[in-house]
Amino acid sequence: MEDILRIGGKSLRSRFFVGTGKFPNKAIIRDVLEASGADVVTVALRRVDTDSVDENILEYIPDNCTLMTNTSGARNADEAVRIARLARAAGCGDWIKIEVISDNKYLLPDNMETLKAIEILAKEGFIVLPYMNPDLTMAKRMAAAGAAAVMPLGSPIGTNRGLKTEELVKIMVEEIDIPVIVDAGLGRPSDAARCMELGCDAVLVNTALATAKDPVGMAKAFSQAVEAGRGAYLAQTGGERECASASSPLTGFLTSSGE
Amino acid sequence: MEDILRIGGKSLRSRFFVGTGKFPNKAIIRDVLEASGADVVTVALRRVDTDSVDENILEYIPDNCTLMTNTSGARNADEAVRIARLARAAGCGDWIKIEVISDNKYLLPDNMETLKAIEILAKEGFIVLPYMNPDLTMAKRMAAAGAAAVMPLGSPIGTNRGLKTEELVKIMVEEIDIPVIVDAGLGRPSDAARCMELGCDAVLVNTALATAKDPVGMAKAFSQAVEAGRGAYLAQTGGERECASASSPLTGFLTSSGE
Amino acid sequence: MEDILRIGGKSLRSRFFVGTGKFPNKAIIRDVLEASGADVVTVALRRVDTDSVDENILEYIPDNCTLMTNTSGARNADEAVRIARLARAAGCGDWIKIEVISDNKYLLPDNMETLKAIEILAKEGFIVLPYMNPDLTMAKRMAAAGAAAVMPLGSPIGTNRGLKTEELVKIMVEEIDIPVIVDAGLGRPSDAARCMELGCDAVLVNTALATAKDPVGMAKAFSQAVEAGRGAYLAQTGGERECASASSPLTGFLTSSGE
Amino acid sequence: MEDILRIGGKSLRSRFFVGTGKFPNKAIIRDVLEASGADVVTVALRRVDTDSVDENILEYIPDNCTLMTNTSGARNADEAVRIARLARAAGCGDWIKIEVISDNKYLLPDNMETLKAIEILAKEGFIVLPYMNPDLTMAKRMAAAGAAAVMPLGSPIGTNRGLKTEELVKIMVEEIDIPVIVDAGLGRPSDAARCMELGCDAVLVNTALATAKDPVGMAKAFSQAVEAGRGAYLAQTGGERECASASSPLTGFLTSSGE
Amino acid sequence: MVIKINGKEQAIEEISNLIDLVNSKGLNPGAIVVEHNLEVIPKDMWSEVSIAEGDTIEIVSFVGGG
Amino acid sequence: MVIKINGKEQAIEEISNLIDLVNSKGLNPGAIVVEHNLEVIPKDMWSEVSIAEGDTIEIVSFVGGG
Amino acid sequence: MVIKINGKEQAIEEISNLIDLVNSKGLNPGAIVVEHNLEVIPKDMWSEVSIAEGDTIEIVSFVGGG
Amino acid sequence: MVIKINGKEQAIEEISNLIDLVNSKGLNPGAIVVEHNLEVIPKDMWSEVSIAEGDTIEIVSFVGGG
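Conventions we followed
Residues numbered from 1 in each chain as written. Chains lettered and ligands numbered in written order. Predicted model: local features only at pLDDT ≥ 70, side-chain atom pairs only at ≥ 80, totals over all residues. Heavy atoms only, no water. Least-squares fit on C-alpha atoms with pLDDT ≥ 70 in both. Contact = heavy atoms within 4.5 Å. pLDDT = per-residue confidence, 0-100. Helix = DSSP H or I, 4+ residues; strand = E, 2+ residues; numbered from the N terminus. Phe/Tyr/Trp six-rings, centres within 6.5 Å; stacked < 30°, edge-to-face > 60°. Buried < 20%, exposed > 50% of the residue type's maximum accessible area, 1.4 Å probe, protein only. Lys NZ or Arg CZ within 6 Å of the ring centre and 35° of its normal. Buried area = accessible area lost by both parts, 1.4 Å probe. Salt bridge = Lys/Arg side-chain N within 4 Å of Asp/Glu carboxyl O. Polar contact = N/O pair within 3.5 Å; in protein donor to acceptor, adjacent residues only side chain to side chain.

**Student:** Before we move on, can you summarise the relation of the copies chain C and chain D with the specific residues and values?
**Tutor:** Put simply, the two copies of the chain differ by a rotation about an axis and a shift along that axis. Take chain C, turn it by 180°, move it 0.0 Å along the axis, and it overlays chain D with an RMSD of 0.0 Å. Such a combination of turn and shift is consistent with a two-fold rotation axis. In this assembly, 100% of the residues forming the interface of chain C have copies in chain D that are likewise at the interface, indicating an isologous arrangement.

**Student:** Help me get a handle on the confidence of the model for chain E, residues and values and all.
**Tutor:** Residue and element names in this part refer to chain E. Looking at chain E, pLDDT values average 88 and 100% of them are 70 or higher. Looking over chain E, one finds the lowest element-wise mean pLDDT in strand β4 (residues 39-41), namely 87, and the highest in strand β1 (residues 2-5), namely 90. Under the prediction, the complex receives an ipTM of 0.89, its pTM being 0.91.

**Student:** Any chance you could break down the packing of aromatic side chains for me, citing the residues and the numbers?
**Tutor:** Counted under the stated rule, the structure contains 4 aromatic pairs over all chains. On the numbers, 6.0 Å between centres and 10° between planes, the contact of B:Phe16 with B:Phe222 is stacked. Here B:Phe222 lies in helix α8 (residues 215-235) and B:Phe16 lies in strand β3 (residues 16-19), a separation of 206 residues in the sequence. Like B:Phe222, B:Phe16 is buried. If you follow A:Arg88 out to its NZ or CZ, it ends over the ring of A:Phe126, 3.7 Å from the centre.

**Student:** Lay out the interface of chain C and chain F in plain terms, naming residues and giving numbers.
**Tutor:** Opposite the 27 residues of chain C that make contact, chain F presents 22 residues. Carbon and sulfur atoms make up 60% of the surface buried where chain C meets chain F, a total of about 2200 Å² over both sides. Where chain C meets chain F, there are 2 salt bridges. Note that F:Glu58 is salt-bridged to C:Arg47, the shortest N-O span being 2.8 Å. At the junction of chain C and chain F, the tally comes to 11 residue pairs in polar contact (both at pLDDT 80 or more). Only β4 (40-47), β5 (66-70) and α2 (77-89) of chain C provide two or more residues apiece to the side of chain C that touches chain F.

**Student:** Can you tell me about the environment of E:Ala52, naming the residues and giving the values?
**Tutor:** Residues and elements named next belong to chain E. Here Ala52 shows up in the loop between β4 and β5 (56-64). Taking the relative accessible area as the measure of exposure, Ala52 reaches 38% and is therefore partly exposed. On a C-alpha basis, the gap between Ala52 and Ser16 in space is 7.8 Å, while along the polypeptide they are 36 residues apart. Setting aside anything within four residues of it in sequence, one finds Ala52 in contact with Met1 and Ile3.

**Student:** Describe the pattern of salt bridges, with residues and values.
**Tutor:** Opposite charge on two side chains lets them pair, provided their charged atoms get close. Taken as a whole and assessed by the stated rule, the structure comprises 69 salt bridges over all chains. A:Glu175 is the salt-bridge partner of D:Lys105, the closest N and O atoms lying 3.4 Å from each other. You can see D:Lys105 sitting in the loop between β6 (95-98) and α3 (111-123) and its partner A:Glu175 sitting in helix α5 (residues 166-175), one on each of two chains. A salt bridge links B:Glu174 to C:Lys105; the nearest nitrogen and oxygen atoms lie 2.2 Å apart. Of the two residues, B:Glu174 is situated in helix α5 (residues 166-175) and C:Lys105 in the loop between β6 (95-98) and α3 (111-123); the pairing between them involves two chains. Assessed through its relative accessible area of 43%, B:Glu174 is described here as partly exposed. In this structure C:Lys105 comes out as partly exposed when scored by relative accessible area, which is 33%. Residues joined by salt bridges that share partners form a network here, namely A:Asp3, A:Arg15 and A:Arg230.

**Student:** Explain helix α6 (residues 189-197) of chain B to me, using residue names and the numbers behind them.
**Tutor:** Within α6(B), 9 of the 9 residues are buried, which leaves the element mostly enclosed by the surrounding structure. Within α6(B), the full set of buried residues consists of B:Pro189, B:Ser190, B:Asp191, B:Ala192, B:Ala193, B:Arg194, B:Cys195, B:Met196 and B:Glu197. Those residues of α6(B) that are buried are in contact with α6 (189-197) and α8 (215-235) of chain A together with α5, β9 (181-183), β10 (202-205) and α8 of chain B. Just beyond α6(B), the residue with positive phi is B:Gly199, at close to 105°.

In structure tokens form, the structure reads like this:
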């Protein structure tokens, strides 16, 4: 009865995954996450600056959230694997967003290296969610290699341009057995709603929240939009028509009464 | 603090207006309206069939809703005025959606006759919301004539094709002082969210609900999407970028450490 | 056999109308017009600066072109009529592009004042082509008032944003008996081709040429695109499909031969 | 001065590549190719039916065209390689369109197997043009492996849906050093013009011609559109604007003269 | 007596005013609006409006509409 | 004598009709249109239209426009 | 002698090499390509390649394709 | 003793194992992960891993990321 998304043995009530990068300050992250209702939250790993004391991002993430560490900074499978292992060693669970990027301008993912990383990490028991270039055949391979979901991009990271890859994502939703989660580029709640209407299982958003004037308000808006889109997917639209169809009865009224 | 839409002396909490035509049965209308949270509900007038007893649609509309009778069936200003007067005489208030249509295929509105009807009805104290072809100059005239809001179409009535008139509606939102409400053609919650993100004040939906497999679920979905879009408008998006912008810190991590 | 557009008693071979405003210099206009192959060319009227001698734009327009004076600067029907009469008195023929604008930001046309001007000028024997906000009902009235064609905008003048009003223009093409010419906003040859594919009878372009780095090259490109779009309209596309359809025979080849 | 596309040691005047599948009859192919002005023409290989005599497709292709055999039917790199060798043995040159497909519903290409086939065939001296899923990183690998061009899909083969992958193709055009040719899915000349405006080096079209009511007329239309789009790319558009910009001088005329 | 109701001519008998007419048709007064010779008649006036040969009467009610 | 040309008042002398005015301004007759007191005057009538104190004259020409 | 042609087993007689096979099938040599036991055989070698029991032969030709 | 920490060579003294190192830098053990010569070292092992001349150590922590 309840609409639950199952990934990696967990039952997720929220289909809105949230990233924690680029916010104007860390304190706002807690409010953003609360407003978002997110169950899954992404973080990154970075070398500690031993000369200054940085706040711990984890303190701002509610305990009931599932942490998913991304492998940002990795330029090949080996680096991604290394980051994943570091992340797990930190005791924050085994959810990993694989992100392997060699293109510094558009930050587009490297599907082949990503696939290699999946093969290794899935065998090591990680729950692996790859950020990927939308591609049906590669997505099938990723699923076969043990990915828990595939996360095709909507448009380049941080661009807020929306779901520009609908044609390819729509086919993936139809043909892939594991969850499809649109990650990257969604700029507005309507973009997120559109993804969900198409049958995507979830969306991951970060920049659109972090760059909004009111990140908390935007987080709530996205959260509602994700529910709206999911609700519409379940309620099933009636389809489009070319010509108009009256929503009020037009027949006869006053038409013949003027004589 | 609270985000209230004021039209015709009323304070509306919900920016989701709902039409009651074409539902598979009348009983479902009550549940649809409840799920929608709508404050404003449209109905139509039709000649009674004196040979059969029809159920009264008004019984299915919660008392706290503001009824807005449309003038469907009117082909010119005079007929619209006549229908408006009949509606008010019925004691259901003075909110009128003017709908003057001479095109039977696409049901596109007649802006000039609509303007005439506004001039007459506004003087008679009606709260007039015209369904219109998006047109900045005509919208200004309608505002000057006393319209309480303007309701440009997103796409032809009943087509579920979405906001195909964004270019013209966006300009109206920017340039018109009275509320702009997108009426007709919105097919999916993402369409409604998009309208609200643009700064529209409300949307009116009917066919998308009535033709959904689960009209109640769809009503809830639209309701959430309207709130999401409004929330995003208030929270202000950060704008689009052409190139990517990392949401995770990329600098340095593991980059120089492989040596 | 030949595909001729008939307007105002003339047989036009080219469906590409060209405006002459905003070019970096007048001399280039002759080359632009030649490259465009245009039969119909728009000009404007302006008060002479009696203190300086201005070059005469007409010298740069080939004799075989039909001049069409626009009424730019007119804010109501009376001003448009007055400009039209001045233009005809100059002995340059009776083709008039009616342009009545009261909105200085988006330069959107005033359909009602435009209609009034058509009624007056058509009776005086002008060949009247109104620039208009796309609106089926108003277009029908304009046709009934004697317009030789209707010229809905694709997007606001000078924006190069393309055919953003496709939904409304498409319906006009289908339902209006006089030629439909998209005027304003077309920014790229693909925009012009799209208009023609939809069945529009011609397009009018100015800014996209004048602001191109190479206006002559752009004029030729638009000219080819207009022919391409018209050709495709006449050749009739085969329609879209949701799923793929092999263009090479896939059956059998090597499929069963791997044993 | 002349705008020439160089691929595989050849200088191509036409940037319109044409496929020969699915035409209603073979005789029309000659006229289609002539109307198209194509320099590069694709064909496929199929097992001969030894019980019937089939016409030879090659007889309908003008001698001056460069033949490019596709590897349709191949489901992995080995099959593609085998077909390529068969094609070359036939003495029709060494241009090969690699097409490796395992998805029978959307006919989406397999980028990884395609890359493997490129590596083998480029070493054997073939001029290799891979049909591919748009993906910057894979395209770079294909270029490094010796591909003469990359041919990302616009939308699934045979769908006539147009350039639905613009976001990804645009980035490839910007970042890849070898020619980018959009292959598959282009349905209308305006689609082809759009590709060329973005800076694509050529387009390959088949279904849109074969399924048109008048394939010859459609071939000519596409040919013009490709030239138009290329011309616009070279002439450089002036960019879009949000607000309007008058193309006629508005200042002063009649404005202050009515008093 | 013949009058026109909702565009159709009907012969009616023993009906002298609007309230009689509404009752004879079995209509729910709370759900309808009545127009008599192009003039809308408020419910509380129905009993005072007489019906005469050739009158034109419209009886309308609310239905679902968008 | 003061007249209004293109919205600006100007003092002119030794000019009795439109053809004189056009010539005095050095304008190319083939490129302009003249309106005299809101009435468009054909070129061949310019010599016959006298100019009087307070007249309003518009002289316009064609320019590039879209 | 039984060989496999284009995936189907066929019994053939009085055929000793590829050129015989092509001729017996009435095929146009200019329009086909022949693969013999997974090896492509150039046209000028057809007469020199003998056919033996169990051979696998592919004969393909060009068709329209996109 | 010179070791490489996060890609930079540093001279350290009076530090014999990882726990010493973490403490000397004033780092919060709960917020960091330590890799010693490419091997991730669990927190409860820090005191047992000795540091020697030329060791490569990575100390990373969680930050905001998308």
